[in-house]
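Fold and contact review
Residues per chain are reported as follows:
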Amino acid sequence: MLPIEWDRGPNGHVNHADVLAFVKSGLTATDPLEGASEGDVVAAIAKGAKVIEAEYHAPFLSHAPMEPQNATARVSADLVEIWAPTQNIEATLNLAAKAAGVDIGKVKVHPVMAGGGFGRRGGQLEYVPQAVELSMRMGKPVQVIWSREEDIRHDYYRPISSAKFKAAFDAQNNPIAWDTRIAGQSIMSTVNPEALKKGTDLGFLVCFTDNPYDVPNRRVDFGMRNTHVPVGYWRSVNHSQNGYFRECFVDEMAEAAGMDPYQFRRKLLANSPKQLACMDAAAKAAGWGRSLPQGVFQGIAQVDGYGSYVASVVEASVRPDGHPKVHRVVAAIDCGHVVNPDTVKAQTEGAVAWALSAALYGEITIKNGGVEQGNYHDYPMVKMAEMPVVEVVLVPSYDFWGGVGEPGAPPVTPALLNAMYKATGRRIRNLPIVKDSQPRSAD
Amino acid sequence: MITLTINEQKHEVEVDPSTPLLWVLRDKLAMTGTKFGCGIAQCGACTVHINGMAARACVTPVSMVTDAKITTIEGLSTDGSHPVQAAWVAHEVPQCGYCQPGMMMAAAALLTQKPNPTDADIDAAITNICRCGTYPRVRAAIHSIAKT
Ligand code: FES
Ligand code: FES
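Each value, and the rule that gives it
- Residues numbered from 1 in each chain as written.
- Chains lettered and ligands numbered in written order.
- Predicted model: local features only at pLDDT ≥ 70, side-chain atom pairs only at ≥ 80, totals over all residues.
- Heavy atoms only, no water.
- Helix = DSSP H or I, 4+ residues; strand = E, 2+ residues; numbered from the N terminus.
- Rg over C-alpha atoms; globule rule 2.2 N^0.38 Å.
- Buried < 20%, exposed > 50% of the residue type's maximum accessible area, 1.4 Å probe, protein only.
- Contact = heavy atoms within 4.5 Å.
- Areas by Shrake-Rupley, 256 points an atom, 1.4 Å probe, with all protein chains shown as cover.
- Lys, Arg positive; Asp, Glu negative; His and termini not counted.
- Charge placed at Lys NZ, Arg CZ, Asp CG, Glu CD.
- Domains from an automatic or database assignment.
- Buried area = accessible area lost by both parts, 1.4 Å probe.
- Salt bridge = Lys/Arg side-chain N within 4 Å of Asp/Glu carboxyl O.
- Polar contact = N/O pair within 3.5 Å; in protein donor to acceptor, adjacent residues only side chain to side chain.
- Nonpolar A, V, L, I, M, F, W, Y, C, P; charged D, E, K, R; others polar.
- Phe/Tyr/Trp six-rings, centres within 6.5 Å; stacked < 30°, edge-to-face > 60°.
- Lys NZ or Arg CZ within 6 Å of the ring centre and 35° of its normal.
- 1 Å grid on protein atoms, 1.4 Å probe; cavity = no way out; pocket = protein on both sides within 12 Å on 5 of 7 lines; lining within 4 Å.
- Points joined across faces, edges and corners; volume = space filled by probe spheres on them.
- Core = buried A, V, L, I, M, F, W, Y, C linked by side-chain atoms within 4.5 Å.
- Pairing = 2+ DSSP bridges.

**Section: the overall build of chain B**
Helix and strand counts for chain B stand at five helices and five strands. Along chain B, helices and strands appear, N-terminal first, in the series β-β-α-β-β-β-α-α-α-α. Radius of gyration (C-alpha) of chain B: 15 Å, near the 15 Å computed for a compact globule of 148 residues. Reported as C-alpha extents along the three principal axes, the dimensions of chain B are approximately 45 × 25 × 25 Å. Burial status across chain B gives 56% buried among its 148 residues. Put simply, 55% of the contacts in chain B that link residues at least 6 apart link residues at least 24 apart. Within the structure as shown, chain B displays about 6300 Å² of accessible surface, and the carbon and sulfur contribution to it stands at 54%. Distance between charge centres in chain B, computed from 11 positive and 12 negative side chains, equals 7 Å.

If you want it as structure tokens, here you go:
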């Protein structure tokens, strides 16, 4: 066998500690990119009777759909044919034409059923040109199937990011200021560097630039830190980390204000009727505050995105080793019009599993410039035994069209972490839970 | 030459005896209902029955099953009428569908061994990964069969 000597490239010296230090340096950058600002957050914090601060972190995540990336190409003199599971037929067509050096009129794409996509098969379809090039060189049809290891190690990951919060309260415990710094890797840095030439990626600040919670002085800015690791669209995209950051910190604000987290949110959402109605529906269906078996606690979160509103109540307990058991998730969704109620329910159920796998276990780390994880044993998924009961409540308000594939996921993680806090008295601000949880020696 | 009994039919294949059954099914016999997800017995996408028991074809060397009765998703029924298949339709279990042949094979084997499985039995027997998160419906579908 030919001995293989790998050239690990210009980033071969980069390890995860380097990536983390680089990303977190964005939290203290003195020249952040502008996000959104109302009032005078600095002056209001200086006047605060009470100020709280917290820092959160979210790791890179892989899509790891059940069907590894693959494509089949048949290149002949007058036609390039592609069979591929793809979420983006136009991109498939363009990539194949470019690889074969022909006009797109000479390319035919046969899209086949995709074994999960979740954003992985959107624009970054490099297995398509691979199949084309191989077919050209071999002069026959070629099917390329990546191994699971190739799939996990050559993904376009959910960006790594951190958040730093400060909130100030007046003497009556009313929140008067909320300052947010987001640090991390812009998706545009990989998928559309041209867009970044304008200097920023405001999409990375979603959940904050459109923050529905009424606090008079607010600011969000951005310490952009683009690593060499390619990033991309991962089901629920930037809402996945920002929803978790925001809704966990809102819980911390509620505690500082001495209020129940649901009632605190109600107060700050008084002018956001859709969010409020959706959250009320979830709280009602779950029986917010009902008496639960010993050791089981409720957490709540609400995040709107993709044109829809979702609120989740999670009921969870924490084992002595610090790992949670999720018993029940109640999710209310207002996606405007509902066409097929069962599809909306199925997507919202599935989003719970998606969020829980990431919250409990999901983390991609870097060693010698490359990805350390490679298969489901070191990048594990929630399976049947860990899947909670999921109850989906549809509360359509029938005056808009919202999405249902993405918005179910973002509120799940913060609702779980907020429930775990009630069980342990310790905030988890670093994911995955399996890494940041601690054995409960105290009780 | 290796002889295999699959879905009550004999097949002769010319392969290295260490080849995983999964790739013999897919690449040699064009039985593509059995899926590849991980190759290391982690996900269950490749689940088939070997003498009625659920087994992961990606880690089963074909030389180990020459005397066995192998059933794949194609052989669960000829017309989609197996109770598991009917329950999967009734509960609209699949989303992308990729894990579902393996899920159904695991469920069918469980129901043969335990016609009235408890939730704990289901947790123990169904260790397949579904990235789309259809677990609640898989559970409900299995219970619905047990009741009938
Ligand atoms: S492909 Fe066999 S268990 Fe995953
Ligand atoms: S239905 Fe998509 S992986 Fe299970």
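There is more to say, and it comes next.
**With respect to the domain arrangement of chain A**
Residue and element names in this part refer to chain A. Domain annotation for chain A reports domain 1 (18-61 + 157-436) and domain 2 (70-145). Taking only C-alpha atoms into account, the centre of domain 1 sits 36 Å from that of domain 2. Residue-level contacts link five residues of domain 1 with four residues of domain 2. Carbon and sulfur atoms supply 60% of the area buried between domain 1 and domain 2, which totals about 350 Å² over both sides. The largest share of the area that domain 1 buries against domain 2 comes from Tyr233, Arg235 and Trp354, three residues that together contribute 74% of it. Applying the counting criterion to the domain 1 and domain 2 interface returns zero salt bridges. Our count for the contact surface shared by domain 1 and domain 2 stands at one residue pair in polar contact (both at pLDDT 80 or more). Classifying every residue of the side of domain 1 that touches domain 2 by side-chain character gives four nonpolar, no polar and one charged.

**Points about the interface of chain B and chain A**
On the side of chain A, 36 residues touch chain B, which itself brings 26 residues to the contact. Here chain B packs against chain A, burying approximately 2600 Å² in sum over the two surfaces, 61% of which is carbon and sulfur. If you sort the residues of chain B by the area they bury against chain A, B:Arg131, B:Tyr135 and B:Arg137 come out on top, with a joint share of 30%. Here chain B and chain A share two salt bridges between them. Here A:Asp342 and B:Arg137 are joined by a salt bridge, their closest N and O atoms 3.0 Å apart. Along the contact surface separating chain B from chain A lie 12 residue pairs in polar contact (both at pLDDT 80 or more). Of all elements in the fold, only helix H4 (119-125) and helix H5 (135-147) of chain B reach the threshold of two or more residues within the side of chain B that touches chain A. Looking at the side of chain B that touches chain A, the element that brings in the most residues is H5(B), giving five residues. Of the residues belonging to the side of chain B that touches chain A, the class tally is 15 nonpolar, six polar and five charged.

**Considerations on the packing of aromatic side chains**
Residues and elements named next belong to chain A. Applying the stated rule across the entire model yields 17 aromatic pairs over all chains. When the ring of Tyr127 is compared with that of Trp146, the centres are 5.7 Å apart and the planes differ by 80°; the resulting orientation is edge-to-face. One end of the pair, Tyr127, is in helix H4 (residues 127-138); the other, Trp146, is in the loop between strand S6 (142-145) and helix H5 (148-153), with 19 residues separating them in the sequence. The class for Tyr127 is buried, based on a relative accessible area of 0%. With a relative accessible area of 6%, Trp146 lands in the buried category. A centroid spacing of 4.5 Å and a plane angle of 15° characterise the contact between Phe165 and Phe249, whose relative ring orientation is stacked. You can see Phe165 sitting in strand S7 (residues 161-169) and its partner Phe249 sitting in helix H8 (residues 237-256), a full 84 residues away along the chain. Since its relative accessible area comes to 0%, Phe249 is described here as buried. Clustering of aromatic rings is evident, with ring pairs tying together Tyr56, Phe165, Trp178, Phe208, Tyr213, Tyr244, Phe245 and Phe249. The residue whose ring lies beneath Arg158 is Trp234, and the NZ or CZ to ring-centre distance is 5.6 Å.

**A few points about empty space enclosed by the protein**
All names here are of chain A. Tallying each qualifying case throughout the model produces four cavities of 30 Å³ or more. Here the largest cavity is characterised by a volume of approximately 120 Å³. Lining the largest cavity are 15 residues; nearest its centre among them are Arg158, Trp234, Ser240, Ala358 and Thr413. Secondary-structure elements contributing two or more residues to the lining of the largest cavity are H8 and helix H11 (341-361). When residues of the lining of the largest cavity are assigned to their parent elements, the largest contribution, three residues, is made by H11. In the lining of the largest cavity, the residues fall into 10 nonpolar, four polar and one charged.

**Here we look at the nonpolar core**
Ranked by size, the top nonpolar core spans 160 residues in total, and within it B:Leu4, B:Leu21, B:Trp88 and B:Ile126 carry the most contacts. Top element by residues in this core is H11(A). It accounts for 11 residues. With residues near it in sequence (within four places) discarded, B:Trp88 still touches B:Val93, B:Pro94, B:Gln100, B:Met103, B:Met104, B:Ala107, B:Val138, B:Ala141 and B:Ile142. A:Ala73, A:Ala96, A:Ala97 and A:Ala100 belong to the second-largest nonpolar core, a separate cluster that totals 20 residues.

**Things to note about the pairing of strand S11 (residues 308-318) of chain A**
Residue and element names in this part refer to chain A. Of all 11 residues that make up S11, 11 are buried, and the element is covered over most of its length. A two-sided burial pattern is seen for S11, the buried positions comprising Ser308, Val310, Ser312, Val314, Ala316 and Val318 on one face and Tyr309, Ala311, Val313, Glu315 and Ser317 on the other. Strand direction decides the pairing type here: strand S10 (residues 297-305) and S11, joined by nine bridges, are antiparallel. Each bridged residue has a counterpart across the sheet, and for Phe297 the counterpart in S11 is Ala316. The hairpin formed by S10 and S11 contains two residues between the paired strands, and Tyr306 there has a positive phi angle of roughly 55°. In the sheet, S11 pairs with strand S12 (residues 324-334) via 10 bridges, with the strands oriented antiparallel. The residue of S12 that forms the bridge with Val313 is Val330. Between S11 and S12, which pair antiparallel one after the other, the connecting turn spans five residues, and Gly322 there sits at a positive phi close to 95°.

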